[in-house]
Amino acid sequence: MTEEARQTLIRVLRVAFPHERVPDGPYERTADTILTEAQNETWFRVALTQGLLSLNQLADGDFRSLDDAAALRVLRRVEGTEFFGFVRRTAVLNLYDDAEVWTELGYEGASYDQGGYLSRGFNDLDWLPDPRVEFPEGETMPEMAPGAARTPRPAAAGPRSDSTNQPGSTSSDMEEVKK
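All figures in this text were calculated on a predicted structure; none of them were measured in a lab.

Definitions and limits used
- Residues numbered from 1 in each chain as written.
- Predicted model: local features only at pLDDT ≥ 70, side-chain atom pairs only at ≥ 80, totals over all residues.
- Heavy atoms only, no water.
- Helix = DSSP H or I, 4+ residues; strand = E, 2+ residues; numbered from the N terminus.
- Buried < 20%, exposed > 50% of the residue type's maximum accessible area, 1.4 Å probe, protein only.
- Contact = heavy atoms within 4.5 Å.
- Expected span 1.5 Å × (residues − 1).
- Phe/Tyr/Trp six-rings, centres within 6.5 Å; stacked < 30°, edge-to-face > 60°.
- Salt bridge = Lys/Arg side-chain N within 4 Å of Asp/Glu carboxyl O.
- 1 Å grid on protein atoms, 1.4 Å probe; cavity = no way out; pocket = protein on both sides within 12 Å on 5 of 7 lines; lining within 4 Å.
- Points joined across faces, edges and corners; volume = space filled by probe spheres on them.

(A) Structural context of the side chain of T30. Inspection of the secondary structure puts T30 in helix α2 (residues 24–40). Under the relative-accessibility criterion, T30 is labelled buried at 2%. Excluding residues that lie within four positions of it along the chain, T30 makes contacts with L13, A91, N94 and L95.

(B) How the structure looks around helix α5 (residues 82–95). Between its first and last C-alpha atoms α5 spans 19 Å; for 14 residues at 1.5 Å apiece the expected length is 20 Å, and the two agree. Where α5 is concerned, the buried positions are F83, F84, G85, F86, V87, T90, A91 and L95. On the buried face of α5, the contacting elements are α1 (3–16), α2, α3 (42–58), α4 (68–78) and α6 (99–105).

(C) Just the packing of aromatic side chains, in detail. Taken as a whole and judged by the stated rule, the model has 4 aromatic pairs. Each ring, one from W43 and one from F44, has its centre 5.1 Å from the other, and the planes form 70°; the classification is edge-to-face. A ring pair is formed by F44 and F86, whose centres lie 4.3 Å apart and whose planes are at 10°; its orientation type is stacked. Taken together, the residues F44 in helix α3 and F86 in helix α5 connect sequence positions 42 residues apart. Three or more aromatic residues joined by ring pairs make a cluster, and in this case those are W43, F44 and F86.

(D) Seen up close, α2. For α2, with 17 residues, the first-to-last C-alpha span of 25 Å sits near the 24 Å given by 1.5 Å per residue. Those residues of α2 that sit buried are G25, P26, Y27, T30, A31, I34, L35 and A38. Check the buried side of α2 and you find it contacts α1, α3, α5 and α6.

(E) Up close: the pattern of salt bridges. Under the defined criterion, the tally for this structure stands at 9 salt bridges. Its salt-bridge partner being D68, residue R11 comes within 2.9 Å of it at the nearest N-O pair. Highlighted residues: R11 in helix α1 and D68 in helix α4, separated in sequence by 57 residues. With a relative accessible area of 16%, R11 lands in the buried category. By relative accessible area, which is 53% here, D68 ends up exposed. Taking the shortest distance from any N to any O, the salt bridge between R29 and E100 comes out at 2.6 Å. With R29 in helix α2 and E100 in helix α6, this pair connects stretches of sequence that are 71 residues apart.

(F) Representation of the layout of surface pockets in the model. Here the second largest pocket is characterised by a volume of approximately 160 Å³. Every element with two or more residues in the lining of the second largest pocket is listed here: α1 and α3. With 5 residues, the single largest contributor to the lining of the second largest pocket is α3.

Below you can see the structure in the form of structure tokens.
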């Protein structure tokens, strides 16, 4: 793979997974991971090569030179291809497993090695409003949906011969379901 292919792949990742605050590093590392996977597997290499060539063809030249809206339209045209599926799968697993991305998205990382979440900031989501613990005086409680307070009744009692989770036995006869 060439440096041009790598830069096109970085552009694909930026358009497909847009995060303004995420620096270039995670996108570059994800592109490198995709390229490494493609080098290790002939099928991935062929899919990646054909996909990158298709992007440039659909862009009438160089995919990297398209603005974000035009680049997204091109990606939408190839979203059902093996190429895009390979890029998407690899990117989701690697881009969002990058500590730089975690920082920008507000994820503090794993908590197991620090004693778990319960004792260290289980509820420290500072970007969410504080929840209402008490219902304000003077406001009326919302009504429950009709039938929400009723206790469900079990299905008709009797021996069951099937092991499905359907109420009552079922049988199939000429694509017609009978109870």
